[in-house]
Amino acid sequence: MRSAAVAVTAVSLALLVTACGGGEKSGDQGKDAGKGTGTGAAPSASATSGAPATSSAPVKALSAAELEKLIVEQADLPGHQVQKAKAGEIPLASAVSADKPSCTPFAHAMSYLAPGKPSVSAHRKAIEVPKTEGGSASPEDALGALAAPVTGVALGSYDGQGAQEAFAAMKKAGTECAGGFTLIGGGERTKISKVAPETVAGREALAWTVTTDVDGRPWVTKLVVFRHGSIVASLSTISFGGTVKELPKAVIDAQAAKLG
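Because the structure is a prediction, the values reported are computed rather than measured.

A. Layout of the overall build of the protein. Helices and strands together make up the secondary structure of the protein, namely eight helices and nine strands. Residue burial in the protein is summarised as follows: out of 260 residues, 50% are buried. Accessible surface for the protein amounts to roughly 11,400 Å². Of this, 55% is attributable to carbon and sulfur atoms.

B. Spatial organisation of the packing of aromatic side chains. Evaluated as defined, the whole model comprises two aromatic pairs. Measuring from centroid to centroid gives 6.2 Å for Phe 106 and Phe 181, while their planes differ by 75 degrees, and the two rings are edge-to-face. In this pair, Phe 106 sits in helix H5 (residues 104–110) while Phe 181 sits in strand S5 (residues 181–185), placing the two residues 75 residues apart along the sequence. With relative accessibility at 0%, the residue Phe 106 sits in the buried group.

C. Inspection of the nonpolar core at higher detail. In this structure, Phe 106, Met 110, Phe 181, Trp 208 and Leu 223 are the most contacted members of the largest nonpolar core, which totals 30 residues. Judged by nonpolar contacts, the second largest core, of 24 residues, contains Ile 71, Ala 126, Leu 235 and Ala 256.

D. Expanded view of helix H8 (residues 249–259). Taken together, the buried positions of H8 are Val 251, Ile 252, Ala 254, Gln 255, Ala 256 and Leu 259. Looking at the residues trailing H8, positive phi occurs at Gly 260, about 95 degrees.

E. Local environment of the pairing of strand S7 (residues 205–214). Extensive coverage of S7 is indicated by the burial of nine of its ten residues. Sheet topology places strand S6 (residues 188–197) next to S7; five bridges connect them, and they run antiparallel. Bridging from a neighbouring strand, Ala 196 pairs with Thr 209 of S7. Joining the antiparallel neighbours S7 and strand S8 (residues 217–228) is a turn of two residues, in which Asp 215 adopts a positive phi near 55 degrees.

Reading guide: rules and limits
- Residues numbered from 1 in each chain as written.
- Predicted model: local features only at pLDDT ≥ 70, side-chain atom pairs only at ≥ 80, totals over all residues.
- Heavy atoms only, no water.
- Helix = DSSP H or I, 4+ residues; strand = E, 2+ residues; numbered from the N terminus.
- Buried < 20%, exposed > 50% of the residue type's maximum accessible area, 1.4 Å probe, protein only.
- Areas by Shrake-Rupley, 256 points an atom, 1.4 Å probe, with all protein chains shown as cover.
- Phe/Tyr/Trp six-rings, centres within 6.5 Å; stacked < 30°, edge-to-face > 60°.
- Core = buried A, V, L, I, M, F, W, Y, C linked by side-chain atoms within 4.5 Å.
- Pairing = 2+ DSSP bridges.

In structure tokens form, the structure reads like this:
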């Protein structure tokens, strides 16, 4: 458990601890802020192009209620348990950073936060439910459940060019932080040893495999970010097993479909 905490930080660990048992409140992030497989698992170009409507009026962020209607729910994800974020699961953006300033957006996305400075945000976690045979779970099934991928989903809605700027910052971070950085948050300094790009469809969709060095052993997670208009979606997938083998295709597709 201690190694897990170091690997994903105390912030990300909250997702897993809550998953096993069944900050700030969702929608308040903006107040504080002031897979690679090439298999088509990523959102389509139409879902992620995010071309703004032609208008002379400035882009306004959605309301918290409007954004809540656009984030994935239980009905959107068969085979998953979808939960709304609880108080304490979402850190303050100001409490999460990186030793390299350009890597801070990446640190935020890894920590269940929408990158940049969203005016409003919404959060869910989607726990993949392992398939079991029969009516009762064996000890092996229980271990498998602990290692099931857990995907934290964060949607941020931004005023003006905020969404474009947040996405651009993530793209820049993916390049400048490829050799690693230190994530600072939850009272921990977590060494990210490698950030490797994944192949993902969509004109404004990015994905990475993130490797953390835990006592000399690799801890592998996945990160996906895509933009749709004034909304940026970030999905961070972790597992108590220490390795996430593939991008969360079902969650990506469901969230992209929900955005339209």
